[in-house]
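Architecture and fold: a report
Spelled out from the first residue to the last, the chains are:
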Amino acid sequence: MTSARTPYYLDCDTGIDDALAIAYLLAAAAQPDSGVDIVGIGSVSGNVSAAMGASNTLDLLALAGRSDIPVAVGAHHPKVGEFRGGAPHVHGENGIGNVELERSAASAVSESAAEMLVRLAHKHAGELRVIAVGPLTNIADALHLDPTLPGLVKELTIMGGAALVPGNITAVAEANIANDADAASDVFAADWFITLVPLDVTMPNVFLEEHRAALIRSGRPVASALGHMLDHYFEFYVGVYGHRASALHDPLAVAVALGDLALKSAPVVRVVVDTTDGPGRGQTVCDLRGMYNGYPEQSGAHTRVVLSLEDDFAPTLLARLLVA
Ligand code: RIB
Ligand code: CA
């Protein structure tokens, strides 16, 4: 008997950790009876342009033999302002560590990412799980296209923000939120249940050279390609951790969304995004004042902020990626 299928839509700015996230989701979907059904992937400008992110996603899907999954190109520019060229110093000029994957024979679909998300939300009304691991422009655009979206989406999981730790793009702002703070503000203000996976939990969970070597040693096409992509990512993080390693932002958000991880601290609180033009712009202001008495229920709170895990994520991720 096949298990019930659970539809997932992923929105990403395929960069290196986005590639890890896609591979994690593909590996989960390939597990017999997992029920994970990847019904669509949308790209958004962030690490790279939305067009390049879609191309990287298509090429990775082709390498994994999953060109059946539709990919839609999303927003090039943020809600306010312009796309400023991405983060080549972090993810390489092509977004995936300058690793050259074979070009996919598949093309992106004609609808935009926001249009795809709205269509899928109606097709899978009440069941669609949305995972966003890039700036939230497409999610905000979809909300504006169809304000009933929150009632159609089962859960929205977001990699982004920083609750009790510093930002990574400014002193207080994390890249996905900061790259489109206005869109993020709209998304957090809408009436849906959000799981936020911030830097608080993604920065302490890292891959080391031993993990990267295991991926390459596997000789498996996807795992090996990811291992080579991580070389560039590790070099960037020497300036952050003081040694070659990398955070696991996006695959950790996917693992949380799939329910694969035991959460140690994940209170449901109010979260707002600072959209002022001052030093606080892009900050996710999480109301964690309940931390001293077990986080009593907060009126109007609908965001679960994942602050820590029971166990290190790296072993779970490596095991999944080795079968991707
Ligand atoms: O701040 C980390 C996030 O920004 C990750 O999603 C990374 O891929 C970039 O998009
Ligand atoms: Ca990302």
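All figures in this text were calculated on a predicted structure; none of them were measured in a lab. Residues take numbers from 1 onward in each chain, read along the sequence in its written order. By the order in which they are written, chains take letters starting at A while ligands take numbers starting at 1. Local features are withheld for residues below a pLDDT of 70 in this predicted model, meaning they are given only at 70 or higher, and side-chain atom pairs are given and counted only at 80 or more; totals for whole chains, interfaces and linings count all residues. Just so you know, side-chain values use all the structure's heavy atoms and leave hydrogens and water out.

1. Some details on the site of ligand 1
Residues are counted as near a molecule or strand when any one of their heavy atoms sits within 4 Å of it. Taken together, 13 residues lie near ligand 1, and Asp17, Asn168, Glu174, Asn176 and Asp250 sit nearest. Whenever two N or O atoms come within 3.5 Å, that pair is a polar contact, provided that in protein one can donate a hydrogen and the other can accept it, and provided that, for residues adjacent in sequence, both atoms are side-chain atoms. The contact in question runs from an oxygen atom of ligand 1 to an N or O atom on the side chain of aspartate 17, over 2.5 Å. Valine 133 places a main-chain nitrogen or oxygen 2.9 Å from an oxygen atom of ligand 1. Look at ligand 1: alone it shows 280 Å² of surface, and the protein chains cover 96% of it. A run of H or I in DSSP becomes a helix once it reaches four residues, and a run of E becomes a strand once it reaches two; helices and strands are each numbered from the N terminus. Among the elements of the structure, helix H1 (16-30), helix H7 (175-178) and helix H12 (249-257) are those that each provide at least two residues to the shell around ligand 1. Looking at the shell around ligand 1 residue by residue, the class counts come to three nonpolar, five polar and five charged. Residue burial considers only the protein chains on display, and all accessible areas are found by Shrake-Rupley using a 1.4 Å probe. Throughout, the ten residues Ala, Val, Leu, Ile, Met, Phe, Trp, Tyr, Cys and Pro are labelled nonpolar, Asp, Glu, Lys and Arg are labelled charged, and all others, Gly among them, are labelled polar.

2. Some thoughts on the sheet that holds strand S4 (residues 128-132)
Each pair of strands is called paired provided DSSP finds at least two bridges between the two strands. Overall, mixed pairing links the eight strands, which are arranged S3-S2-S1-S4-S5-S6-S13-S10 in an open sheet. Strand pairing shows two members of the sheet lacking a second neighbour, strand S3 (71-73) and strand S10 (268-269), which therefore form its edges. Relative to strand S6 (residues 194-197), strand S5 (residues 153-159) runs parallel, the two being bridged by four bridges. If you follow methionine 159 over to S6, its bridge partner there is valine 197.

3. Topic: the coordination of the calcium ion (ligand 2)
Water is absent from the atoms considered, so a metal site may look incomplete; donors are defined as N, O and S atoms within 2.8 Å of the metal, or 3.2 Å for Na, K and Ca. Protein coordination at the calcium ion (ligand 2): the donors are Asp13 (OD), Asp18 (OD), Asp18 (OD), Val133 (O) and Asp250 (OD), at 2.2 to 2.7 Å from the metal. When the donors of the calcium ion (ligand 2) are listed by position in the chain, the intervening gaps give D-x4-D-x114-V-x116-D. In this structure aspartate 13 comes out as buried when scored by relative accessible area, which is 1%. Each residue is placed in one exposure class: buried if its accessible area under a 1.4 Å probe, protein chains only, is under 20% of its type's maximum, exposed if it is over 50%, and partly exposed if it falls in between. Relative accessible area serves as the criterion here: at 0%, aspartate 18 is assigned to the buried category.

4. Here's the deal with the packing of H1 against helix H2 (residues 50-63)
Direction vectors running N to C along H1 and H2 enclose 35°, while the axes themselves pass 11 Å from each other. Where H1 crosses over H2, the two elements pack in a sense that is right-handed. Where H1 approaches H2, its residues Ala19, Ile22 and Leu26 are matched on the opposing element by Thr57, Leu60 and Leu61. Broken down by class, the residue content of the contact of H1 with H2 amounts to five nonpolar, one polar and no charged. Angles here are taken between N-to-C directions and fall from 0 to 180 degrees, while the axes themselves are lines fitted to C-alpha atoms, restricted in helices to the stretch in contact. Two helices cross in a left-handed way if the nearer one is turned anticlockwise from the farther one by less than a right angle. They cross in a right-handed way if the turn is clockwise. Contacts between residues were defined by any pair of non-hydrogen atoms, one from each residue, lying within 4.5 Å.

5. Details of the pairing of S5
Taking burial as the measure, the seven residues of S5 include six buried ones, the bulk of the element. In terms of strand pairing, S4 meets S5 through five bridges, oriented parallel. What sits directly across from alanine 132, in S5, is isoleucine 158.

6. A closer look at the pattern of salt bridges
Any Lys or Arg side-chain nitrogen located within 4 Å of an Asp or Glu carboxyl oxygen qualifies as a salt bridge. Applying the stated criterion across every chain yields a total of 17 salt bridges. Linking glutamate 155 and arginine 304 is a salt bridge whose minimum nitrogen-to-oxygen distance equals 3.3 Å. Highlighted residues: glutamate 155 in strand S5 and arginine 304 in strand S13 (residues 303-305), separated in sequence by 149 residues. A relative accessible area of 16% means that glutamate 155 is categorised as buried.

7. Focus on the pairing of strand S2 (residues 36-43)
Taking burial as the measure, the eight residues of S2 include seven buried ones, the bulk of the element. Bridge count for strand S1 (residues 6-12) against S2 is seven bridges, and the pairing is parallel. What sits directly across from aspartate 11, in S2, is glycine 42. With respect to chirality, the unit in which S1 leads through H1 into the neighbouring parallel S2 is right-handed. In the sheet, S2 pairs with S3 via three bridges, with the strands oriented parallel. Paired with serine 43 across the two strands is valine 73, which belongs to S3. Handedness is read with the strands pointing away from the viewer; a crossover is right-handed when the path from the first strand over the helix to the second is clockwise. Note on the crossover from S2 through H2 to S3: the handedness is right-handed.

8. Comments concerning the nonpolar core
Where a protein is soluble and globular, its nonpolar side chains tend to be buried together. Formed by 64 residues in total, the largest nonpolar core has its most connected members in Leu10, Phe207, Leu226, Met229 and Phe313. The element that contributes the greatest number of residues to this core is H1, accounting for eleven residues. Beyond its immediate stretch of four places on either side in the chain, leucine 10 contacts Ile22, Leu25, Gly40, Ile41, Gly42, Ile131, Val133 and Val254. In this structure, Leu143, Ala183, Val269 and Leu307 belong to the second largest nonpolar core, which totals 41 residues. Take the buried Ala, Val, Leu, Ile, Met, Phe, Trp, Tyr and Cys residues and link them wherever side-chain atoms come within 4.5 Å; each set so joined is a nonpolar core.

9. Here's the deal with the side chain of serine 224
Following the sequence through the fold, serine 224 ends up in helix H11 (residues 221-241). Each residue touching serine 224, except ones within four places of it in the same chain, is listed here: Leu215, Ile216 and Ser218.

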